[in-house]
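# Observations on the model geometry
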Amino acid sequence: MKFNYKITDAGWATCELESSSQQFSFEASCISDALKEFLEAIVRLNPDIDREFYEDETECSWHQEPGLIEWEFNLSDIKSAEENLFVTVKQYEDDSRRHRPFIDVKFSCNYDKFVSSIVTSLESLITEFGLVGYSEMWDGADFPIAYYLKLKQYTINKSVFPTVTETTDDSLKTTTGLDYELNLIAKKLNI
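Residues numbered from 1 in each chain as written. Predicted model: local features only at pLDDT ≥ 70, side-chain atom pairs only at ≥ 80, totals over all residues. Heavy atoms only, no water.

### Some details on the packing of helix α1 (residues 34-44) against helix α3 (residues 145-157)
Defined as follows: Helix axes are fitted only over the stretch in contact, all axes being lines through C-alpha atoms; the angle between N-to-C directions runs from 0 to 180 degrees. Only DSSP runs of H or I covering at least 4 residues are called helices, and only runs of E covering at least 2 are called strands; the numbering of each starts at the N terminus. Crossing chirality is assigned from the near helix's rotation relative to the far helix, an anticlockwise turn below a right angle marking it left-handed and a clockwise turn marking it right-handed. Every residue pair with non-hydrogen atoms within 4.5 Å of one another is taken to be in contact. Nonpolar residues are Ala, Val, Leu, Ile, Met, Phe, Trp, Tyr, Cys and Pro. Charged residues are Asp, Glu, Lys and Arg, and all others, Gly as well, are polar.
Packing of α1 against α3 leaves a shortest axis separation of 9 Å and a crossing angle of 35 degrees. Every pair of crossing elements has a handedness; the one defined by α1 and α3 is left-handed. On the side of α1, the interface is formed by Lys-36, Leu-39, Glu-40, Ile-42 and Val-43, while α3 contributes Tyr-147, Lys-150 and Leu-151. Its residues assigned to classes, the contact of α1 with α3 comprises 5 nonpolar, no polar and 3 charged.

Next comes the structure, spelled out in structure tokens:
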């Protein structure tokens with residue numbers, strides 16, 4: 001499964017999905033923080049990334065002015081090398097959902113491969129626009145750097161992102177820092 005998210009104009013993005021047998025393309029507008037909500041849904045599926053807010057099923061919505069896209073994700077057996085992520089995408093004419101969706105797509109893929117493709121796309125996006133440029137192009141919304149770093153950490157190391165933890169004496173201990181994060185951003189993917 002290939003995932004490609006690109007900004008096509010100020011406040012507009014296109015998401016292209018390609019599997020061995022199907023191709024899809026969906027637009028999003030800056031009415032919602034589409035990329036952030038999408039990445040949050042992907043992160044919350046994986047207990048190796050987000051132990052606190054982990055869920056078996058997640059969803060998010062993208063607004064299109066006036067259309068709406070609803071994404072539904074269901075993950076089974078995170079450790080499987082087979083197709084373990086089941087995705088449903090519904091596209092509506094407007095955001096009222098009064099009518100049947102005019103696109104109702106279902107596909108499955110391997111979660112790890114999908115996440116790798118997402119990380120690759122995110123790297124292209126920040127290489128092209130940078131963090132400030134992304135914000136300028138997406139109506140002031142910040143690039144979802146924390147979700148990007150969590151997904152990249154998982155892609156490279158198959159582990160949870162090292163974070164701040166509480167010690168036995170109630171102080172906070174940092175197990176990451178800016179140097180760690182900058183090194184992770186600079187690290188090349190070997191996919």
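Moving on from the model shown.
### What about the pattern of salt bridges?
Rules: We count a salt bridge whenever a side-chain nitrogen from Lys or Arg sits within 4 Å of a carboxyl oxygen from Asp or Glu. Type-normalised accessible area, obtained with a 1.4 Å probe on protein chains alone, sets the label of each residue: buried when under 20%, exposed when over 50%, and partly exposed for intermediate values.
Applying the stated criterion across every chain yields a total of 5 salt bridges. Across the pair Arg-44 and Glu-55 runs a salt bridge whose closest N-O atoms are separated by 2.9 Å. Of this pair, Arg-44 sits in helix α1 while Glu-55 is found in the loop between α1 and β4 (57-63), placing the two residues 11 residues apart along the sequence. Between Lys-79 and Asp-48 there is a salt bridge; the shortest N-O distance is 2.7 Å. Of the two residues, Lys-79 sits in the loop between β5 (68-75) and β6 (85-92) while Asp-48 sits in the loop between α1 and β4, which places them 31 residues apart along the sequence. For Lys-79, a relative accessible area of 62% translates into the label exposed. Through salt bridges with shared partners, a single ionic network connects Glu-40, Arg-44 and Glu-55.

### What to know about the sheet that holds β5
Sheet strands pair via backbone hydrogen bonds, and the direction of the pair is either parallel or antiparallel. Here is the rule: The pairing criterion for strands is at least two bridges between them, as found by DSSP.
Taken in spatial order, the 4 strands line up as β4-β5-β6-β7 in an open sheet, and their pairing is antiparallel. What marks the edges here is a single partner per strand, and that holds for β4 and β7 (103-109). Strand-to-strand, the axes of this sheet are offset by a mean angle of 15 degrees, without reference to chain direction. Of the pairings in the sheet, the one linking β5 to β6 comprises 8 bridges and is antiparallel in character. Residue pairing across strands places Trp-71 opposite Val-89, the latter belonging to β6. Its contacts with the sheet place α1 against β4 and β5, and it is angled at close to 175 degrees to β4.

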